[in-house]
Amino acid sequence: MTCLFEPKDCRYELERDSSMDPSLTEMTEKAIEILRKNPKGFFLFVEDKGRIDHAHHGTQAKKALHEAVEFDRAIGRAAELTSELDTLTVVTADHSHVFAFGGYSARGNSVVGVSRSLAEDKKHFTTAVYGNGPGYQIVNGTRPDMNESISSMNDYKQQTPVPLDSETHGIEDVAIFAKGPMSHLFHGVQEQSYIPHVMAYAACIEPYENCELVPGNGGGIHPSLLLLLMGLLLTLCSA
């Protein structure tokens, strides 16, 4: 992903110069502040800068996890600046990675640390692992031992069993989270093409102009939601 503040990609969150480059949270906040001035509402697409994906392809778990934390902060800030009554918020991914956690690590063990037990080769291995990628380190049938001081370095590549120039995507379904008008339509297992249809229906735009939603600021509110709110008010008043 090309960044407005860098010659090419945005810097990883671990390497970002806060005096020069805004965080994803700051960019999200500014975008919402500008777009919500439109009385007709707005559509905002926020990507994680693409760096979660890049770090995973490089089997650099620490960088990927720090990017994910910043992405979570941006989602939280967006929630603070919008209302569930008139804003549909959808959070999902376009694919997974062959990334997992294992090793029966004890409570409190660093997520970028090593397992408490040894592998059959009597060496430590990291809690965060990849199924393939550039972290392949087997030489003459053996691999180097590991300790947390090495595995917690910013540029450390997790060891992988299959050598590839770039770690691959996974094939499992990814989660989709939603809140706001029509968020109940996100359920079960759906094709990815289903997502824009729900978003269009919630916004009452083509091809769902007759979506039977009560128009509001920046979107629609389903009558059942209004009834739910009214029922809640009556309950509070009679308490």
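What you see is a predicted model; the values in this text were computed from it and never measured.

Rules used throughout
Residues numbered from 1 in each chain as written. Predicted model: local features only at pLDDT ≥ 70, side-chain atom pairs only at ≥ 80, totals over all residues. Heavy atoms only, no water. Helix = DSSP H or I, 4+ residues; strand = E, 2+ residues; numbered from the N terminus. Expected span 1.5 Å × (residues − 1). Buried < 20%, exposed > 50% of the residue type's maximum accessible area, 1.4 Å probe, protein only. Arc of directions from axis to C-beta. Contact = heavy atoms within 4.5 Å. UniProt positions renumbered as here; feature names shortened; annotations may be inferred. Core = buried A, V, L, I, M, F, W, Y, C linked by side-chain atoms within 4.5 Å. Axes fitted to C-alpha atoms, helices over the stretch in contact; angles between N-to-C directions. Parallel < 35°, antiparallel > 145°, perpendicular 65-115°, else oblique. Left-handed = near helix turned anticlockwise from the far one by under 90°.

### So, helix H1 (residues 24-35)
With 12 residues, H1 extends 16 Å from end C-alpha to end C-alpha; this agrees with the ideal 16 Å at 1.5 Å per step. Within the sequence span of H1, burial applies to Leu 24, Thr 25, Thr 28 and Ile 32. The arc that holds the buried residues of H1, viewed along the axis, is 100 degrees, so those residues lie on one side. Looking at the buried residues of H1, the elements they touch are helix H3 (61-81).

### Thoughts on helix H5 (residues 194-203)
Burial in H5 covers these residues: Ile 195, Val 198, Ala 200 and Ala 202. Backbone geometry just after H5 places Cys 204 at a positive phi near 55 degrees.

### A closer look at the UniProt feature "binding site: Mg(2+)" (unreviewed entry) in the chain
In this structure's numbering, the residues bearing the UniProt feature "binding site: Mg(2+)" (unreviewed entry) are Glu 47. Tracing the sequence through the fold places Glu 47 in the loop between H1 and helix H2 (51-57).

### Looking at the nonpolar core
One finds Tyr 12, Ala 55, Ala 61, Ala 64, Phe 99, Ala 128 and Tyr 130 forming the largest nonpolar core, which totals 7 residues. Looking at this core, the elements with two or more residues in it are H3 and strand S3 (128-130). Not counting residues within four places of it along the chain, the set of residues in contact with Ala 128 comprises Ala 61, Phe 99, Ala 100, Phe 101, Val 111 and Gln 158. Ile 52, Phe 71, Ala 74 and Val 91 belong to the second-largest nonpolar core, a separate cluster that totals 5 residues.

### Overview of the packing of H1 against H3
With their axes 8 Å apart at the nearest point, H1 and H3 run at an angle of 25 degrees to one another. In terms of orientation, H1 lies roughly parallel with respect to H3. Classified by chirality, the crossing of H3 by H1 is right-handed. Where H1 abuts H3, its residues Leu 24, Thr 25, Thr 28, Glu 29 and Ile 32 lie against Glu 70, Phe 71, Arg 73, Ala 74, Arg 77, Ala 78 and Leu 81.

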